[in-house]
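Topology and contacts: notes
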Amino acid sequence: MPHPVDVHVGKRIRHRRWLVGMTQQQLAEHVGIKFQQIQKYETGANRVSASRLWDIADALGVEVSFFFEGLAPEGSTGKDAENMPADLLGDKEALDLVRSYYAIPENQRRRLFDLARVLSDVA
């Protein structure tokens, strides 16, 4: 059974790879391994060594700490004060929304952001 940390790191690899529009094959080539290994990392079936995680972070343009963001401490519920999942980008719909949001021109994006805040009563 995969360790929850390995699963979390794998999900973060997959989400970042998806956000930058990179295939498993492309990431594998950047890192110098076979794409099947990337598949195993992304599912948490195989653990990622520190040096390999360093290479993956470099290929994906993030700091190594990115892969541990949103990791709930042991005994935590995995929810923050606003009752949102700790790993918000763990949801494909949320990822699609973020990708679509950044495809909108900046001036329209700001107006959409303001509208969303008003509708959610967070403003």
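Report follows, based on the coordinates.

About the thresholds
Residues numbered from 1 in each chain as written. Predicted model: local features only at pLDDT ≥ 70, side-chain atom pairs only at ≥ 80, totals over all residues. Heavy atoms only, no water. Helix = DSSP H or I, 4+ residues; strand = E, 2+ residues; numbered from the N terminus. Buried < 20%, exposed > 50% of the residue type's maximum accessible area, 1.4 Å probe, protein only. Contact = heavy atoms within 4.5 Å. Phe/Tyr/Trp six-rings, centres within 6.5 Å; stacked < 30°, edge-to-face > 60°. Core = buried A, V, L, I, M, F, W, Y, C linked by side-chain atoms within 4.5 Å. Axes fitted to C-alpha atoms, helices over the stretch in contact; angles between N-to-C directions. Parallel < 35°, antiparallel > 145°, perpendicular 65-115°, else oblique. Left-handed = near helix turned anticlockwise from the far one by under 90°. Nonpolar A, V, L, I, M, F, W, Y, C, P; charged D, E, K, R; others polar.

**Quick look at the overall build of the chain**
The helix and strand tally for the chain stands at six helices and zero strands. Mapped from its N terminus to its C terminus, the chain presents α and β elements in the order α-α-α-α-α-α. A buried classification covers 26% of the 123 residues belonging to the chain. Once local pairs closer than 6 in sequence are excluded, the contacts in the chain between residues at least 24 apart make up 56%.

**Section: the packing of aromatic side chains**
When we look at a pair of aromatic rings, we describe it by the centre distance and by the angle of the planes. A complete count under the given rule lists two aromatic pairs for this structure. Between F66 and F67, the ring centres sit 5.4 Å apart and the planes meet at 80°, which makes this aromatic pair edge-to-face. By the burial criterion, F66 is buried, and F67 matches it. With a centroid separation of 5.1 Å and 85° between ring planes, the pair formed by Y101 and Y102 is classed as edge-to-face. For Y101, a relative accessible area of 21% puts it in the partly exposed group. Judged by its relative accessible area of 56%, Y102 falls in the exposed class.

**A closer look at the nonpolar core**
Residues I13, L27, Y41, I56, L60 and F67 are the most contacted members of the largest nonpolar core, which totals 18 residues. Of all elements in the fold, only helix 1 (4–19), helix 2 (24–31), helix 3 (35–43) and helix 4 (50–60) reach the threshold of two or more residues within this core. Here this core takes five residues from helix 4, the largest share from any one element. With sequence-adjacent residues up to four places away left out, F67 is seen in contact with H8, V9, R12, I13, L53, I56, A57, L60 and V62.

**Some thoughts on the packing of helix 1 against helix 4**
Contact geometry for helix 1 and helix 4: axes closest at 10 Å, N-to-C directions at 20°. With respect to each other, helix 1 and helix 4 are oriented roughly parallel. Between helix 1 and helix 4 lies a crossing whose hand is left-handed. Of the residues in helix 4, those touching helix 1 at V9, I13, R16 and R17 are L53, I56 and L60. Taken together, the residues of the contact of helix 1 with helix 4 sort by class into five nonpolar, no polar and two charged.

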